[in-house]
Amino acid sequence: MTAENALPVLTPSGGRLLTADAFQRLADVPLEIEWFANLGTKATRRAYENALQDFRRFTGIARPEEFRTVTRAHVIAWREDLVQRALSGQTIRHRLAALSSLFEYLCDRNAVTHNPVKGVKRPPVESYEGKTPALGDHQARQLLDAPDAGTLKGKRDRAILATLLYHALRRDELCRLKVKDYKQERRGVAHLKVSGKGGKTRYVPLHPAAGGWVAEYLESSGHGAEDGSALFRPMYQSRPGGLAKSITPDGIYKIVRGYSAALGFEIGAHALRATAATNALDHQADIAKVQEWLGHANIATTRIYDRRKTRPEDSPTFKVVY
């Protein structure tokens, strides 16, 4: 599934919205392309496209309709190839899920008799406990103090770090924030309006410390009145009248990586989400509320961050006295 395979753009002619030719061209669109065009978010479409392209390269499928000849043996062979390439269990599961989604669509429309991905054994769900490091409180404070608050870049970076550490946002969620999303209020309390995975929106109470630093950044950048523009911008766009594009997820990653490396504990941006979730749970936050706060569909994902049973200070090691 590539950009060339997207649904055709058809220009209306005269008083009729679709010409006879345009109508027929839409009627002839393969179901495989129809499925891909109907996927929800850009992130989902990108992930599914990568998976399907990988399967097409492995099997040699050239035309969308050839998917209908795929058997379970093809899928098993592909799975074994993914294993041989040392891809993670999670990646393999995601790729099989993408292929299965296509075949479920084809089954629903009677284009195939069954889903060949069903019954194909998938790698076990891995335990991710401890894989994403969570910072200690002193490290989080060091990170917040690291940017130079005397410069516009430093004010922006401190506001970004605080927004991540106090609200446990994903990088994409932070990049999608608009100025107006920072100005939300519910029951008299300031909130962030967060556009999460799957098009879901959630409202997160704005932490006073983070709110103050964001306000300081907006005052210096001069775009605080531009409600529809990006909240956090690249430095070359941080002047009044500049383009309202947002900083990119890669830009966020580089900010976190740069400051943390300078402090001696090089981490990625996701570690700040893990830090916030772990800190909230350590301070007796209800895990169901943390699930909602993080935007998790399944509470099992939230439990990854619950490290209260594995804290080193609680180990029997420290109860041994000679």
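Preceding block: the structure.
Here the structure is a predicted model, which means the values were calculated and not measured.

> Run through the environment of L164, naming residues and quoting values.
Locating L164 in the fold gives a position in helix α7 (residues 152–167). Along the backbone, L164 and A269 are 105 residues apart, and their C-alpha atoms lie at a distance of 8.2 Å. Those residues in contact with L164 that lie beyond four places of it in its chain are L169, L174, I252, V256, L272 and A276.

> Run through unusual backbone geometry, naming residues and quoting values.
Phi angles above zero are rare outside glycine, and A168 is one such case at about 55°. Mapping A168 onto the fold places it in the loop between α7 and α8 (171–175). Backbone geometry at Q284 places phi at a positive 70°, although glycine is not the residue there. For Q284, the position within the fold is in the loop between α11 (270–282) and α12 (287–294).

> I'd like a description of the environment of A97, backed by residues and values.
Within the secondary structure, A97 is located in helix α5 (residues 89–108). Its relative accessible area of 29% is what places A97 among the partly exposed residues. Sequence-wise, A97 and R122 are 25 residues apart; in three dimensions their C-alpha atoms are separated by 9.6 Å.

> So, the nonpolar core: which residues are in play, and what are the values?
Burial of nonpolar side chains together is a common tendency in soluble globular proteins. Counting 47 residues, the largest nonpolar core has F232 and L272 as its most contacted members. Contributing elements (two or more residues each) for this core: α6 (137–145), α7, α8, β2 (189–195), α9 (208–221), α10 (249–263), α11 and α12. Of all the elements, α11 adds the most residues to this core, at seven residues. Leaving out residues up to four positions away in the same chain, F232 has contacts with R156, A159, I160, T163, L174, L177, V214, Y217, K245, S246 and I247. Among the nonpolar cores identified, the runner-up in size contains 25 residues, and A51, L102, V117 and V120 belong to it.

> Give a detailed account of the layout of surface pockets, specifying residues and quantitative values.
Volume-wise, the second largest pocket comes out at about 250 Å³. Lining the second largest pocket are D137, A140, R141, L144, L165, Y166, H207, T275, A276, N279 and W293. Secondary structure elements with two or more residues in the lining of the second largest pocket: α6, α7 and α11. In terms of residue count, α6 provides more of the lining of the second largest pocket than any other element does, four residues in total. When grouped by side-chain class, the residues that make up the lining of the second largest pocket number six nonpolar, three polar and two charged.

> I'd like a description of the environment of A140, backed by residues and values.
Within the secondary structure layout, A140 lies in helix α6. By relative accessible area, A140 is classed as buried at 14%. Between the C-alpha atom of A140 and that of A162, which follows or precedes it by 22 residues, the distance is 9.3 Å. With residues near it in sequence (within four places) discarded, A140 still touches L135 and L165.

> I'd love a proper account of the pairing of β2, names of residues and values included.
Successive residues of a regular strand alternate their side chains across the two faces of the sheet. Here three bridges tie strand β1 (residues 184–186) to β2, and the two strands are oriented antiparallel to one another. Directly across from Q184, in β2, lies its bridge partner H191. The pairing of β2 with strand β3 (residues 201–205) spans five bridges and is antiparallel. If you follow L192 over to β3, its bridge partner there is V204.

Reading guide: rules and limits
- The residue numbering used here restarts from 1 in each chain and proceeds along that chain's sequence as written.
- Per-residue local features of the predicted model are confined to residues with pLDDT of at least 70, and side-chain atom pairs are confined, for both listing and counting, to 80 or more; whole-chain, interface and lining totals are unaffected and use all residues.
- With hydrogens and water excluded, all non-hydrogen atoms of the structure serve as input to the side-chain values.
- Helix and strand assignments follow DSSP, with helices taken as H or I runs no shorter than four residues and strands as E runs no shorter than two, numbered in order from the N terminus.
- Contacts: residue pairs with any heavy atoms within 4.5 Å of one another.
- Buried residues are those whose accessible area, probed at 1.4 Å on protein chains only, stays under 20% of the maximum for their type, while exposed residues exceed 50% and partly exposed ones sit between those limits.
- Among the buried residues, those of types Ala, Val, Leu, Ile, Met, Phe, Trp, Tyr and Cys that are joined through side-chain atoms within 4.5 Å form a nonpolar core.
- Think of a 1 Å grid over the protein atoms and nothing else: a 1.4 Å probe that fits but is trapped marks a cavity, an open set flanked by protein within 12 Å on at least five of seven lines marks a pocket, and residues with an atom within 4 Å of a point count as lining.
- Grid points are joined across faces, edges and corners, and a volume is the space filled by probe spheres set on the points.
- Under the grouping applied here, Gly and all other residues not named as nonpolar or charged are polar, the nonpolar ones being Ala, Val, Leu, Ile, Met, Phe, Trp, Tyr, Cys and Pro and the charged ones Asp, Glu, Lys and Arg.
- Here a strand pair is declared whenever DSSP counts at least two bridges between the two strands.

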